Amino acid sequence: MTAVRPAAAPPVPLPPSRPTPLLPVPARVMELDLDRPDGPWAPGRSGPARPPDAAVPSVVALVRRGGRPLGLVALGPDGAGGDESLRARLVAAAERDLRPEPDGAPAPAPGRADRTPPTVTVVVCTRGRPTLLGDSLRALLRTDHPATEILVVDNAPEDDTTERLVRGLAPGRLRYLREPVPGLARARNRGLAAAHGEIVAFTDDDTLADPGWAGALAAAFRADPRIACVTGLVVPAELDTEAQALFERYCGFGKGFAPRDWSRHTDAADPLFPFAAGRFGTGANMAFRTGVLRRLGGFDPATGAGTPTRGGEDLLAFLGVLSAGHTLAYRPDAVVWHRHRRTRAELDAQIRGFGIGLGGYLTAALVHRPALLAELLRRVPAGARYALRRTAAPATPAVPAAPATPADHPGEDPRTGAALARLGRIELRGLPRGPAGYLVGRVQDRRFRTGSRS
């Protein structure tokens, strides 16, 4: 058995700090609830549930107790064995290495919290990926939150494949919408405009939501009226390739296993607060009070995938919530599983897009809120130091969790710090392209709007 960290080290959970520990590849991804006696995977849940497989002996398990996520535990190639042996090894590693993280969220606002479960509209935006979308929708249809509607926004479709899938999958339970202009922000705004729920939640077509996901989001809003946005835990749905493990180590979507709250008055130790909005969560797992997001204007259509900005629409919305005086909360019990890019070429393109999106997001932030310029300039030295650290090779774990596979880049072991540094350089090179991308996106948006009125 090889744990992700030595026994004496801190817990295995993927924390906000970078890089995360090396994960075994390939590995089966599964769940373990320490309060369940019936096996290491949770039958009926939306996350991956793969039985023991001698051909893939390594395991990464999301560990829960009473449904609450505690962290990730990994067994290396020596973790092979039958069902009971595997469960015993996982339980031993979890009991040894994982402890509940301290709750970083402040107490709810004084007064009586609303006990009526708020209605939730889930918006899934998609473009030409019917197979992934089908899996995502089947997971969402297993929600245990009683007041949930699901909207599918088909963004600039080339044919009716997605429409036929949605209309035939669960008649009466799914609503199909079409947004003809490409751009994730536009698609999300289309869903926001059509939402009936008090809460509007967003996820992607390459995720699998837990049955309790919508309910966990709703509970956070119900508990504290100051909260206008909630993000949740994102864990890998599969670790079949080196690219997937490398993404998780470089910039995985997981933000830890401790609840957190932020506001403009937060005494944040992060010197990049509030501009490093990616620390708060990700667009694959986020929800807003519908009325608040509408008053903020929704998502900037010059940002997001499908535009020259490549991304940043979620980060800009997070910043808008904080700038308007609301509270943003992170709740790790709102879980979705994400299918990371499988190849190094796809990963490189994604990281390049992250860099462009970050530059575009910062430009958009200043366009929307020029008063933030002085505060942003004060953060520039810390931001520059952070970016340079990302391009330097960090130490590689002393004990690899799995044998290396051939690298896509000659002379580079994909498990090493050199691979992470290369991704850092790719992201940094994308950053200067963001401002121009955002300005081009604004011009395109004006043309689209002008054309729609003519």
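Each remark here, short or long, concerns the structure printed above.
Residues numbered from 1 in each chain as written. Predicted model: local features only at pLDDT ≥ 70, side-chain atom pairs only at ≥ 80, totals over all residues. Heavy atoms only, no water.

### As for the packing of helix α2 (residues 130-140) against helix α3 (residues 161-169)
Okay, so step 1: Where α2 meets α3, the closest approach of the two axes is 10 Å, and the angle between their N-to-C directions is 25°. One element, α2, and the other, α3, form an angle in the roughly parallel class. Two packed elements cross with a definite hand, and for α2 against α3 that hand is right-handed. Along its contact with α2, which presents P130, L133, G134, L137 and R138, the element α3 presents T161, T162, L165, V166 and L169.
Okay, so step 2: In the contact of α2 with α3, the residues fall into 6 nonpolar, 3 polar and 1 charged. (Axes fitted to C-alpha atoms, helices over the stretch in contact; angles between N-to-C directions. Helix = DSSP H or I, 4+ residues; strand = E, 2+ residues; numbered from the N terminus. Parallel < 35°, antiparallel > 145°, perpendicular 65-115°, else oblique. Left-handed = near helix turned anticlockwise from the far one by under 90°. Contact = heavy atoms within 4.5 Å. Nonpolar A, V, L, I, M, F, W, Y, C, P; charged D, E, K, R; others polar.)

### Some remarks on helix α11 (residues 417-430)
Okay, so step 1: For α11, which comprises 14 residues, the first-to-last C-alpha distance of 20 Å matches the rise-based estimate of 20 Å (1.5 Å per residue) to within 8%.
Okay, so step 2: Most of α11 sits out of view: 10 of its 14 residues are buried.
Okay, so step 3: Within α11, the full set of buried residues consists of G417, A419, L420, A421, R422, L423, G424, I426, E427 and G430. (Expected span 1.5 Å × (residues − 1). Buried < 20%, exposed > 50% of the residue type's maximum accessible area, 1.4 Å probe, protein only.)

### Quick notes on the environment of T391
Okay, so step 1: Within the secondary structure, T391 sits in the loop between α10 (373-390) and α11.
Okay, so step 2: The residues touching T391, leaving out its near neighbours within four places in the chain, are A421, G424, R425 and L428.

### Describing the packing of aromatic side chains
Okay, so step 1: In total, this model carries 8 aromatic pairs according to the counting rule given.
Okay, so step 2: Seen from their ring centres, W262 and F280 are 4.8 Å apart, and the 50° between their planes marks the pair as tilted. You can see W262 sitting in strand β10 (residues 260-262) and its partner F280 sitting in the loop between β10 and β11 (286-289), a full 18 residues away along the chain. Here W262 and F280 have matching classes, each one buried.
Okay, so step 3: One aromatic cluster is present, formed by F202, F288, F299 and F318 through successive ring pairs. (Phe/Tyr/Trp six-rings, centres within 6.5 Å; stacked < 30°, edge-to-face > 60°.)

### Considerations on a nonpolar patch on the surface
Okay, so step 1: A contiguous nonpolar patch, built from L373, L377 and V380 and spanning about 260 Å² of accessible area, is present on the exposed surface.
Okay, so step 2: With respect to the helices and strands, L377 occurs in helix α10. (Patch = residues over 30% accessible without salt bridge, like charges linked within 9 Å, V, L, I, M, F, W, Y side chains within 5 Å. Areas by Shrake-Rupley, 256 points an atom, 1.4 Å probe, with all protein chains shown as cover. Salt bridge = Lys/Arg side-chain N within 4 Å of Asp/Glu carboxyl O.)

### A short note on the pattern of salt bridges
Okay, so step 1: The tally for this structure, following the rule as stated, stands at 24 salt bridges.
Okay, so step 2: As a salt-bridge pair, D35 and R65 come within 3.8 Å of each other at their nearest N and O atoms. With D35 in the loop between β1 (28-33) and β2 (59-65) and R65 in strand β2, this residue pair connects regions lying 30 residues apart in the sequence.
Okay, so step 3: Residue classification places D35 among the partly exposed positions, given a relative accessible area of 49%.

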